[in-house]
Amino acid sequence: MKRRKLLKSIALSAGAIVILPSWAQGWSRENIVTSHVFKLEEKEMLRLIAGTFIPEGASKGANGVGVELFLEKLFSDCYTIEDQNKLKAAIKALMLQADLNHHLTFGACSAAQREGLLVDLEKSAEHLWAYTTLRTETIRGYTTSEYVLTEHYHYVMAPGFYHGCVNV
C-alpha cells in the first residue's frame with residue numbers, strides 16, 4: 001500500500017517537473033496586468049479621461065495614483081462585452097470630436113478643451129451611460145486608492161494598538 005502511494009507521488013512530481021518549465025517560461029508581470037480588451041490608444045484615452053476628471057494639483061490626481069489601471073482591469077473583468085463596446089464607442093467619439101472641434105488629438109487638447117469635450121459627451125444621449133460610468137468609476141477608483149485612504153482619510157489597516165505587559 002505504501003509502495004503505491006510512493007510511486008504515485010513520484011509520477012506526479014516527475015510530471016510537474018516536466019510541465020513547470022513551459023509554464024514558467026511565459027510568465028511575466030505584463031502578462032498578468034494587461035488585458036486584451038482595450039487597445040493601447042484606448043488605454044491612453046482612459047488615462048487622459050481619468051486625468052481630466054481628477055487633475056493633478058496640490059495632491060496627486062487620478063493619474064498619480066494609477067486610476068487608469070483600475071479602470072482597465074475593472075472594465076475588462078467586471079463589465080459585459082456590450083458595456084465594453086459602449087465604452088469603446090464613447091472613447092472613439094471623444095477622439096473624433098476632439099479632431100473635429102480642435103483639429104487635435106484628445107491628449108493634445110488643453111484641460112479646458114478636454115473638459116468641454118467630456119461635457120459634450122455627457123449631453124449626448126447615445127454616450128450618456130458611458131460618460132456617467134467613466135466618471136463614477138474614476139471617482140471610485142481614486143477615493144479607494146491607497147494614497148487617498150492613507151493621506152486624506154487617515155485609514156489605518158489595523159486600528160488600535162497592542163500594549164503588552166501593562167500594569168492593571
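Since we're looking at a predicted model, the values are computed, not measured. (Residues numbered from 1 in each chain as written. Predicted model: local features only at pLDDT ≥ 70, side-chain atom pairs only at ≥ 80, totals over all residues. Heavy atoms only, no water.)

Another point: the overall build of the protein chain. Each helix and strand counted, the protein chain has nine helices and zero strands in total. Going from N to C terminus, the protein chain has its helices and strands arranged as α-α-α-α-α-α-α-α-α. A buried classification covers 29% of the 168 residues belonging to the protein chain. In the protein chain, the share of contacts with a sequence separation of at least 24, taken over all contacts with a separation of at least 6, comes to 63%. If you sum the accessible surface of the protein chain, you get close to 11,900 Å²; carbon and sulfur atoms cover 62% of it. (Helix = DSSP H or I, 4+ residues; strand = E, 2+ residues; numbered from the N terminus. Buried < 20%, exposed > 50% of the residue type's maximum accessible area, 1.4 Å probe, protein only. Contact = heavy atoms within 4.5 Å. Areas by Shrake-Rupley, 256 points an atom, 1.4 Å probe, with all protein chains shown as cover.)

What follows is about the nonpolar core. Side chains of a nonpolar character, in soluble globular proteins, are inclined to be buried together. Among the nonpolar cores identified, the biggest contains 29 residues, and Ile49, Phe75, Leu94 and Phe106 are the most heavily contacted of them. Contributions of two or more residues to this core are made by helix H3 (40-53), helix H5 (67-78), helix H6 (81-102), helix H7 (111-123) and helix H8 (128-143). The residues touching Phe106, leaving out its near neighbours within four places in the chain, are Met45, Leu48, Ile49, Thr52, Leu94, Ala98, Arg114 and Leu117. (Core = buried A, V, L, I, M, F, W, Y, C linked by side-chain atoms within 4.5 Å.)

Right, let's get into the packing of aromatic side chains. Per the counting criterion, the structure on display carries four aromatic pairs. Between Phe75 and Tyr79 the ring centres are 5.1 Å apart and the planes differ by 75°, which places this aromatic pair in the edge-to-face class. Across the pair, exposure class does not vary: Phe75 and Tyr79 are buried alike. Three or more aromatic residues link up through ring pairs in this structure, and these residues are Phe38, Phe75, Tyr79 and Trp129. We note Lys88 situated over the ring of Phe38; from NZ or CZ to the ring centre the distance is 5.9 Å. (Phe/Tyr/Trp six-rings, centres within 6.5 Å; stacked < 30°, edge-to-face > 60°. Lys NZ or Arg CZ within 6 Å of the ring centre and 35° of its normal.)

The next subject is the packing of H3 against H7. Contact geometry for H3 and H7: axes closest at 10 Å, N-to-C directions at 100°. On the basis of their axis angle, the class for H3 and H7 is roughly perpendicular. Contact with H3, carried on its side by Leu48, Ile49, Thr52 and Phe53, involves Arg114, Glu115 and Leu118 of H7 and no other residues of that element. Looking at the contact of H3 with H7 residue by residue, the class counts come to four nonpolar, one polar and two charged. (Axes fitted to C-alpha atoms, helices over the stretch in contact; angles between N-to-C directions. Parallel < 35°, antiparallel > 145°, perpendicular 65-115°, else oblique. Nonpolar A, V, L, I, M, F, W, Y, C, P; charged D, E, K, R; others polar.)

Turning to the pattern of salt bridges, a few remarks are in order. Following the criterion strictly, the structure yields four salt bridges and no others. With a closest N to O distance of 3.3 Å, Glu72 and Lys43 form a salt bridge. Of the two residues, Glu72 sits in helix H5 while Lys43 sits in helix H3, which places them 29 residues apart along the sequence. A residue is classified by how much of its surface remains accessible, and Glu72, at 8% relative accessible area, is buried. Look at Lys43 and you get buried, because its relative accessible area is 18%. Note that Lys73 is salt-bridged to Asp77, the shortest N-O span being 3.1 Å. (Salt bridge = Lys/Arg side-chain N within 4 Å of Asp/Glu carboxyl O.)

A few words on H5. Helix length check: H5 (12 residues) gives 16 Å between terminal C-alpha atoms against 16 Å at 1.5 Å per residue, within 8%. Restricting attention to buried positions, one finds in H5 the residues Val67, Glu68, Leu71, Glu72, Leu74, Phe75 and Ser76. (Expected span 1.5 Å × (residues − 1).)

This part takes up the confidence of the model for the protein chain. Chain-level pLDDT for the protein chain is 84 on average; 85% of the residues reach the 70-or-more range. A low-confidence stretch, residues 21-32 stays under pLDDT 50, and its non-local contacts, those more than four residues away or across chains, total three contacts. (pLDDT = per-residue confidence, 0-100.)

Next up on the list: unusual backbone geometry. One non-glycine residue with positive phi stands out, namely His103, at about 55°. Note that His103 resides in the loop between H6 and H7. By relative accessible area, His103 is classed as exposed at 65%.

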